[in-house]
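Letter by letter, the chains look like this.
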Amino acid sequence: MILIISRLDDPSTSLVIDWLNYYNKKYIRLNGDSTRAYFKKIDDQNIILKDNSLNKEVNLLECNKVWYRRGGISKDNLNFLNEEKAILKLGEENKYIEEILQSEFKVLKEYIYSLLESKITHHMGSYFNRSLNKLTTLYFAKQIGLCIPKTEIVYSKKELDKILKDSRLIIKSLDDGIYHKTKDKFYISYTESLTREFLNVHTDTFLPSLIQYEIQKDYELRIFYFFGNFFASAIFTQSNEETRIDSRRSSGKDVRTIPYSLPHHIKLKLTSLMNKIELDMGSIDMIVSEQNEYIFLEVNPLGQFSAYGDECNYYLERELALKM
């Protein structure tokens, strides 16, 4: 039995499950944004999950494989959400109690994930490696010998003005950025060019910001790394002004994407990096400069892979299903 930890709104999970059905592999899908399942018993031998819709119980520790995709265990699954709502009704003076509940939920959730990853020997992805520190990853990449953009953390107008005099810059989030969907709106943050207009609308100091010196690129690379295998796609973003800085800003326009064969020495360095940060799978972003230099940008452990796999006929969902 395969345990899949995901979200209802993740299409890649559903596509992998289509292949699991094709290969007649049994699975359980636990969605963090669903309220139909809850935990009945938790100890070091049992993690009993009851599915209300099916009126069925299963011990997750009896699964022999687990894939942590994203999302996962929620407050609803552990009955914390009702308690939290009740406390919020009592007023601001009970903010401390809410923080205690958050801490209690975190401990229990991490204990469940620890049991799953230690007792189920075959697992893909990890709750504990679901988010990387961009700055630390860039440091490791540089130590391994990969080229990276010149990077600085800036939080004053004076320092930024000094850099802007001689260089073209881009700005991006320190962490994962904004990715928020409401009933009628969708919020997302992009990598942006940093112009002098920025200096006119901000105070003398601002939040520490990740600034990189812009590299004139020939094309982008999106690389799905999967247990030592590389599935690389070249994305020709420079033909469209909207996608020149960030390939996600296509406004529905097609951006040419083709299969790509990475040089052997780049594969070796990327493998060393993935081993260093203890990832068996993830989406790697790189660019190739006009001088044909391979520049590492970042790794997203939970990055989307279906769109690029479809463009290049990699059938990545099938690859994941076969590994399970």
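Refer to the structure presented above.
Residues numbered from 1 in each chain as written. Predicted model: local features only at pLDDT ≥ 70, side-chain atom pairs only at ≥ 80, totals over all residues. Heavy atoms only, no water.

Right, let's talk about the sheet that holds strand β13 (residues 205–213) for a bit. Taken in spatial order, the four strands of this open sheet run β8-β13-β9-β12, and their pairing is antiparallel. Single-partner strands in this sheet number two, and they are β8 (151–156) and β12 (192–194). For this sheet the average axis-to-axis angle between neighbouring strands, irrespective of direction, equals 45 degrees. Across four bridges, strand β9 (residues 169–172) lies against β13 in antiparallel orientation. Bridge assignment links Ile-170 to a residue of β13, and that residue is Gln-212. Strands β8, β9, β12 and β13 of the sheet are contacted by helix α5 (residues 157–164), whose axis makes an angle of about 135 degrees with β8. (Pairing = 2+ DSSP bridges. Helix = DSSP H or I, 4+ residues; strand = E, 2+ residues; numbered from the N terminus. Axes fitted to C-alpha atoms, helices over the stretch in contact; angles between N-to-C directions. Contact = heavy atoms within 4.5 Å.)

This part takes up unusual backbone geometry. Located in the positive-phi region is Glu-278, a residue other than glycine, with phi close to 60 degrees. Here Glu-278 is to be found in the loop between α7 (264–276) and β17 (281–289). Even without glycine at this site, Asn-313 takes up a positive phi of about 55 degrees. By the element assignment, Asn-313 lies in the loop between α8 (306–311) and α9 (316–323).

Between side chains of opposite charge, a pair can form when the charged atoms approach closely. Under the definition given, this model contains nine salt bridges. For Glu-110, the salt bridge goes to Lys-106, with nearest N and O atoms at 3.1 Å. Linking Glu-110 with Lys-106, this pair stays in helix α3 (residues 95–119), spanning four residues, or about one helical turn. Note on Lys-106: relative accessible area 45%, which makes it partly exposed. (Salt bridge = Lys/Arg side-chain N within 4 Å of Asp/Glu carboxyl O. Buried < 20%, exposed > 50% of the residue type's maximum accessible area, 1.4 Å probe, protein only.)

Looking now at the sheet that holds strand β6 (residues 65–68). Sheet architecture is open: four strands sit in the order β2-β1-β6-β7, paired in parallel fashion. Each edge of the sheet is formed by a strand with only one pairing partner; in this case those strands are β2 (27–31) and β7 (122–124). Geometrically, the sheet is characterised by an average inter-axis angle of 15 degrees between neighbouring strands, direction not taken into account. Two elements, β6 and β7, share three bridges in a ladder whose sense is parallel.

Taken as a whole, α9 has its buried residues at Leu-316, Glu-317, Leu-320 and Ala-321. Projected onto a plane normal to the axis of α9, the buried residues spread over an arc of 140 degrees and lie on a single side. (Arc of directions from axis to C-beta.)

This part is about α7. Its 13 residues give α7 an end-to-end C-alpha distance of 18 Å, which sits within 8% of 18 Å, the value for a rise of 1.5 Å per residue. Along α7, the positions that sit buried rather than exposed are Ile-266, Leu-270, Leu-273 and Met-274. Viewed along the axis of α7, the buried residues span an arc of 95 degrees, placing them on a single side of the element. The exposed set on the far side of α7, more than 90 degrees from its buried face, consists of His-264, Asn-275 and Lys-276. The inward-facing, buried residues of α7 contact α4 (134–144), β14 (217–226), β15 (229–235), β17 and β18 (294–300). Backbone geometry just downstream of α7 places Glu-278 in the positive-phi region, at approximately 60 degrees. (Expected span 1.5 Å × (residues − 1).)

Turning our attention to the pairing of β6. For a regular strand, the rule is simple: side chains alternate between the two faces of the sheet. Examined bridge by bridge, strand β1 (residues 2–6) and β6 share four bridges and lie parallel to one another. Note that in β6 the partner of Ile-5 across the bridge is Tyr-68.

Before going further, it helps to spend a moment on the packing of α4 against α7. Where α4 meets α7, the axes come as close as 10 Å, and the angle between the chain directions of the two elements is 135 degrees. By the criterion of interaxial angle, the relationship of α4 to α7 is oblique. Taken as a pair, α4 and α7 cross one another with a handedness that is right-handed. Together, Thr-137, Phe-140, Ala-141 and Ile-144 of α4 and Lys-269, Ser-272, Leu-273 and Lys-276 of α7 make up the contact between the two elements. When its residues are assigned to classes, the contact of α4 with α7 shows four nonpolar, two polar and two charged. (Parallel < 35°, antiparallel > 145°, perpendicular 65-115°, else oblique. Left-handed = near helix turned anticlockwise from the far one by under 90°. Nonpolar A, V, L, I, M, F, W, Y, C, P; charged D, E, K, R; others polar.)

This part covers the side chain of Asp-10. Position of Asp-10 relative to the elements: it lies in the loop between β1 and α1 (11–22). Among the residues examined, Asp-10 registers a relative accessible area of 1% and is labelled buried. Separated by 3.0 Å, the side chains of Asp-10 and Arg-69 make a polar contact. With residues up to four places along the chain from it excluded, the contact list for Asp-10 reads Arg-29, Arg-69, Arg-70 and Gln-304. (Polar contact = N/O pair within 3.5 Å; in protein donor to acceptor, adjacent residues only side chain to side chain.)

Here we take up the packing of aromatic side chains. Enumeration according to the criterion identifies 15 aromatic pairs in this entry. Ring plane angle 90 degrees and centroid distance 5.1 Å describe the contact between Phe-226 and Phe-227, whose orientation is recorded as edge-to-face. Assessed through its relative accessible area of 31%, Phe-227 is described here as partly exposed. Here the aromatic residues Tyr-68, Tyr-113, Tyr-127 and Phe-128 are joined through ring pairs into a cluster of three or more. Residue placement shows Lys-276 over the ring face of Phe-140; its charged tip is 4.9 Å from the ring centre. (Phe/Tyr/Trp six-rings, centres within 6.5 Å; stacked < 30°, edge-to-face > 60°. Lys NZ or Arg CZ within 6 Å of the ring centre and 35° of its normal.)

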